[in-house]
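Fold and contact review
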Protein chains: 2
Amino acid sequence: MVSIKQIAADIGVSAATVSNALTGKGRVSEEMARRIRLRAEELGYRPNVTARALKRGQTGILGLVMPDLTNPLFPRIAQSLSEAADARHLGILIADSRGSAGEQRNAMRRLIDRGVDGLLVVPQKGSAPEAQAVPMVVINTASDPQNTVSSDHVGGGHLIGTHIAELGHRSVVLLGGDAVSEVQQDRIAGMRAALSGRAESAVRWGAAGIEDLPALIRDGATAVLTTSDHLALQVQSALAQAGFSVPRDVSLTGFDDLPLATAMHPALTTVAQNVPEIAMRAIDAICARIAGAPASADSQTVPTRLVQRASTRSLHPTDPT
Amino acid sequence: MVSIKQIAADIGVSAATVSNALTGKGRVSEEMARRIRLRAEELGYRPNVTARALKRGQTGILGLVMPDLTNPLFPRIAQSLSEAADARHLGILIADSRGSAGEQRNAMRRLIDRGVDGLLVVPQKGSAPEAQAVPMVVINTASDPQNTVSSDHVGGGHLIGTHIAELGHRSVVLLGGDAVSEVQQDRIAGMRAALSGRAESAVRWGAAGIEDLPALIRDGATAVLTTSDHLALQVQSALAQAGFSVPRDVSLTGFDDLPLATAMHPALTTVAQNVPEIAMRAIDAICARIAGAPASADSQTVPTRLVQRASTRSLHPTDPT
DNA sequence: CTGTTAGCGCATTCAC
DNA sequence: GTGAATGCGCTAACAG
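A few points on the structure. (Residues numbered from 1 in each chain as written. Chains lettered and ligands numbered in written order. Predicted model: local features only at pLDDT ≥ 70, side-chain atom pairs only at ≥ 80, totals over all residues. Heavy atoms only, no water.)

1. Regarding the overall build of chain A
Looking only at helices and strands, chain A features twelve helices and twelve strands. For a compact globule of 321 residues, the expected C-alpha radius of gyration is about 20 Å, and chain A comes in at 26 Å, more than 25% above that figure. A buried classification covers 50% of the 321 residues belonging to chain A. Within chain A, contacts between residues separated by at least 24 positions form 70% of all contacts whose residues are at least 6 apart in sequence. Accessible area of chain A: about 14000 Å², with a carbon and sulfur share of 50%. In chain A, which carries 31 positive and 31 negative side-chain charges, the distance between the mean positions of the two groups comes to 7 Å. (Helix = DSSP H or I, 4+ residues; strand = E, 2+ residues; numbered from the N terminus. Rg over C-alpha atoms; globule rule 2.2 N^0.38 Å. Buried < 20%, exposed > 50% of the residue type's maximum accessible area, 1.4 Å probe, protein only. Contact = heavy atoms within 4.5 Å. Areas by Shrake-Rupley, 256 points an atom, 1.4 Å probe, with all protein chains shown as cover. Lys, Arg positive; Asp, Glu negative; His and termini not counted. Charge placed at Lys NZ, Arg CZ, Asp CG, Glu CD.)

Right, dumping it as structure tokens:
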């Protein structure tokens with residue numbers, strides 16, 4: 001590796017001057033600066049980030065803690081975060097909290113031991129990560145009050161609920177995957193609120209909930225609103241098996257707008273999170289905190305978007321389809 | 001942050017002795033070592049990895065370059081890699097090559113600039129990442145001769161092809177997503193080889209290929225073998241729309257064993273990659289290279305596994321269903 | 001057995 | 001405008 005002092009010796013000047021010329025900080029004659037930059041270029045000089053980090057006390061690395069790297073949303077989050085971090089010349093070190101709050105804490109500690117400048121954490125279901133020695137921004141759980149950036153899950157549920165109500169549905173089933181998840185609770189709450197006064201709604205959870213569906217439909221339910229696309233696919237399969245067709249017999253919606261939403265037939269009506277926006281805000285927030293901003297108590301909420309496709313049907317006699 | 005010298009000053013001993021006591025390297029009296037460890041514990045001392053990295057010339061960080069973080073397999077790879085790396089006290093810094101070979105090179109360079117000790121790269125379709133200043137291990141493309149660990153894609157295709165042939169299918173369609181992908185070519189090649197002499201096979205690619213399916217089935221094809229689960233879901237949807245039912249009218253298979261394979265109905269027969277094994281070998285290989293082993297020309301191949309579910313049907317009159 | 005010295009590569013004083 | 005000195009925190013080599 002070519003170091004600053006080699007190019008210094010090479011030109012016959014001191015290391016400090018080279019540093020100054022390259023960073024543009026100190027005052028160096030334009031002529032000298034030019035020569036230095038040229039030689040650095042020739043030698044393929046790359047500043048040693050480790051040395052710089054030691055000197056500055058900052059590594060330029062952010063830690064990303066996910067509840068489960070297997071999460072279907074992880075790819076998008078990682079990508080958007082990586083892109084946003086990149087723009088600020090920050091790197092992202094990943095860690096998996098493997099489904100337990102204890103492992104989550106371990107993962108955070110390992111990252112901190114590695115010297116990350118800040119922590120981005122997507123918390124374990126039902127756990128609030130505790131404050132640490134480094135700035136932290138929590139993603140996707142509005143229920144945690146501090147430094148949180150999150151999708152408006154309630155709003156998303158509201159979007160779906162309103163859509164379904166406007167389509168004329170009067171009896172709908174709300175299906176969640178796991179009642180422990182605050183995110184899913186929020187989505188369901190949004191749906192209920194939108195439906196309230198316009199339609200009956202029954203809430204069900206998990207595999208048992210899926211089994212209840214055929215009976216509920218026979219009792220008059222005309223729509224099933226789920227809290228994830230994956231769940232919706234399972235529902236569609238189960239319903240097909242029971243002889244119900246989507247959207248003819250029953251309307252169906254998902255949540256998240258995963259790739260599978262368009263691979264399904266009918267294509268799934270769902271709610272898309274604005275992941276890039278969340279990522280950008282999260283990175284902004286963590287950078288602000290690193291730069292010294294105090295931990296703010298307000299949480300940012302990013303709007304979601306209804307993606308209307310073919311799995312929902314209007315019940316108004318006048319409408320086509 | 002509490003440093004080694006603070007605890008040294010604290011106890012009235014030199015920094016070197018503390019270092020020795022804590023790492024167990026130098027010879028320190030057991031008595032002294034005990035006192036030092038105790039005090040370190042009390043003070044909550046954590047070694048500064050940056051300083052250590054500067055001294056040692058190694059950061060303990062591996063760079064992971066993915067062709068597209070949005071890749072549905074990324075979560076598993078990231079998780080398995082992260083776990084395997086963890087066991088060796090290595091961190092993983094991610095980077096996205098965003099679909100282009102050029103960006104792939106940039107990503108690698110950024111990672112190297114950050115001082116990673118080695119690079120794990122899942123290459124861009126149809127691109128062979130060029131050798132770099134740090135050890136590199138290529139994942140999942142056997143076509144690159146150097147330091148590669150890959151699933152046996154050909155073998156996987158063979159597994160599926162054999163399965164279908166044994167079920168009595170005599171005319172099958174092989175459907176790939178993108179002909180540029182060597183991985184998909186390998187899978188198709190394996191299928192063809194297994195089918196050769198036992199059944200007719202036609203190869204189709206992409207969306208156009210999906211459109212051809214109904215006609216091919218009417219012409220007598222009884223099975224569609226795809227190179228990904230995602231593709232299989234699309235096929236199932238398109239087929240349902242055209243009035244064909246899986247597996248009654250046509251058998252269908254996927255590849256990768258994504259979560260959606262079990263969410264579908266019928267559950268998808270597919271081929272699972274042994275991702276944890278690949279990850280472990282990749283980490284082993286990169287560690288060996290970092291430790292000084294020469295770049296070996298041989299590539300490691302990890303067997304795949306047939307996951308037989310409900311989307312394939314036997315055509316033998318004697319068999320049930 | 002323990003302490004001192006030195007230096008990893010860089011950036012920041014402060015002299016010159 | 002430029003350079004010498006200094007130190008970030010740690011560890012290897014050597015001296016005591």
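Okay, back to it.
2. Things to note about the relation of the copies chain B and chain A
Rotating chain B by 180 degrees and moving it 0.0 Å along the rotation axis overlays it on chain A with an RMSD of 0.1 Å. In the structure described here, the two chain copies are related by an operation that fits a two-fold rotation axis. When C-alpha distances to the rotation axis are compared across chain B, the minimum falls at Leu-93 of chain B, with a value of 2.2 Å. (Least-squares fit on C-alpha atoms with pLDDT ≥ 70 in both.)

3. Description of the packing of helix 1 (residues 4-11) of chain B against helix 3 (residues 30-43) of chain B
Residues and elements named next belong to chain B. The interhelical angle for the contact between helix 1 and helix 3, taken along N-to-C directions, is 120 degrees, at an axis separation of 10 Å. The orientation of helix 1 with respect to helix 3, classified from their angle, is oblique. Of the two elements, helix 1 crosses helix 3, and the hand of that crossing is right-handed. Across the interface between the two elements, Ile-7, Asp-10 and Ile-11 from helix 1 touch Met-32, Arg-35, Ile-36, Arg-39, Ala-40 and Leu-43 from helix 3. When grouped by side-chain class, the residues that make up the contact of helix 1 with helix 3 number six nonpolar, no polar and three charged. (Axes fitted to C-alpha atoms, helices over the stretch in contact; angles between N-to-C directions. Parallel < 35°, antiparallel > 145°, perpendicular 65-115°, else oblique. Left-handed = near helix turned anticlockwise from the far one by under 90°. Nonpolar A, V, L, I, M, F, W, Y, C, P; charged D, E, K, R; others polar.)

4. Description of the protein's contact with DNA strand D
Around DNA strand D, the surrounding shell holds 22 residues, and the nearest of these are Val-13 and Arg-27 of chain A together with Ile-4, Tyr-45 and Arg-52 of chain B. Restricting attention to atoms of DNA strand D within 4 Å of the protein, one finds that 67% of them are sugar or phosphate atoms. At 3.1 Å from a phosphate oxygen of DNA strand D is found a main-chain nitrogen or oxygen belonging to Ser-14 of chain A. Asn-48 of chain B places a polar main-chain atom, nitrogen or oxygen, 3.0 Å from a phosphate oxygen of DNA strand D. (Near = heavy atom within 4 Å. Polar contact = N/O pair within 3.5 Å; in protein donor to acceptor, adjacent residues only side chain to side chain.)

5. As for the protein's contact with DNA strand C
Neighbouring DNA strand C are 22 residues, the closest being Ile-4 and Arg-52 of chain A together with Val-13, Arg-27 and Ser-29 of chain B. Backbone atoms, meaning sugar and phosphate, form 62% of the atoms of DNA strand C found within 4 Å of the protein. Ile-4 of chain A is positioned with one of its backbone polar atoms (N or O) 2.5 Å from a phosphate oxygen of DNA strand C. Within the contact set of DNA strand C, a phosphate oxygen lies 2.8 Å away from a side-chain nitrogen or oxygen of Tyr-45 of chain A. Of all the secondary-structure elements, those providing two or more residues to the surface near DNA strand C are helix 1 (4-11), helix 2 (15-23) and helix 4 (49-56) of chain A together with helix 2 (15-23) and helix 4 (49-56) of chain B. Across the surface near DNA strand C, the residue classes tally to ten nonpolar, seven polar and five charged.

6. A few points about helix 10 (residues 229-241) of chain B
Because the α-helix completes a turn every 3.6 residues, residues three or four places apart line up on one side. Residues and elements named next belong to chain B. Compared with an ideal rise of 1.5 Å per residue, which puts 13 residues at 18 Å, helix 10 spans 18 Å between its outermost C-alpha atoms and is within 8% of the ideal. Within helix 10, the full set of buried residues consists of Asp-229, Leu-231, Ala-232, Leu-233, Val-235, Gln-236, Ser-237 and Leu-239. In the stretch just after helix 10, Gly-243 is the one whose phi turns positive, near 90 degrees. (Expected span 1.5 Å × (residues − 1).)

7. A few points about the interface of chain B and chain A
Listed as interface residues are 44 residues of chain B and, on the opposing side, 44 residues of chain A. Put simply, chain B and chain A have six salt bridges between them. Among the ionic pairs, Glu-83 of chain B bridges to Arg-98 of chain A, the shortest N-O distance being 3.9 Å. For the side of chain B that touches chain A, a count of residues per class yields 19 nonpolar, 15 polar and ten charged. (Salt bridge = Lys/Arg side-chain N within 4 Å of Asp/Glu carboxyl O.)

8. Some points on the sheet that holds strand 7 (residues 200-205) of chain A
Residues and elements named next belong to chain A. In space, the four strands of this open sheet follow the order 7-6-8-9, with parallel pairing throughout. Every interior strand has two partners, whereas the edge strands, strand 7 and strand 9 (251-253), have only one. Sheet twist, expressed as the average angle between the axes of neighbouring strands with direction ignored, equals 20 degrees. Across three bridges, the pairing between strand 8 (residues 223-226) and strand 9 is parallel. (Pairing = 2+ DSSP bridges.)

9. Structural notes on the packing of aromatic side chains
Considering all chains together, one arrives at one aromatic pair over all chains under this definition. Geometrically, the ring pair formed by Phe-74 of chain A and Phe-74 of chain B is stacked, given 5.1 Å between the ring centres and 15 degrees between the ring planes. Taken together, the residues Phe-74 of chain A in helix 5 (residues 74-87) and Phe-74 of chain B in helix 5 (residues 74-87) connect one chain to another. An identical accessibility class is assigned to Phe-74 of chain A and Phe-74 of chain B; each is buried. (Phe/Tyr/Trp six-rings, centres within 6.5 Å; stacked < 30°, edge-to-face > 60°.)

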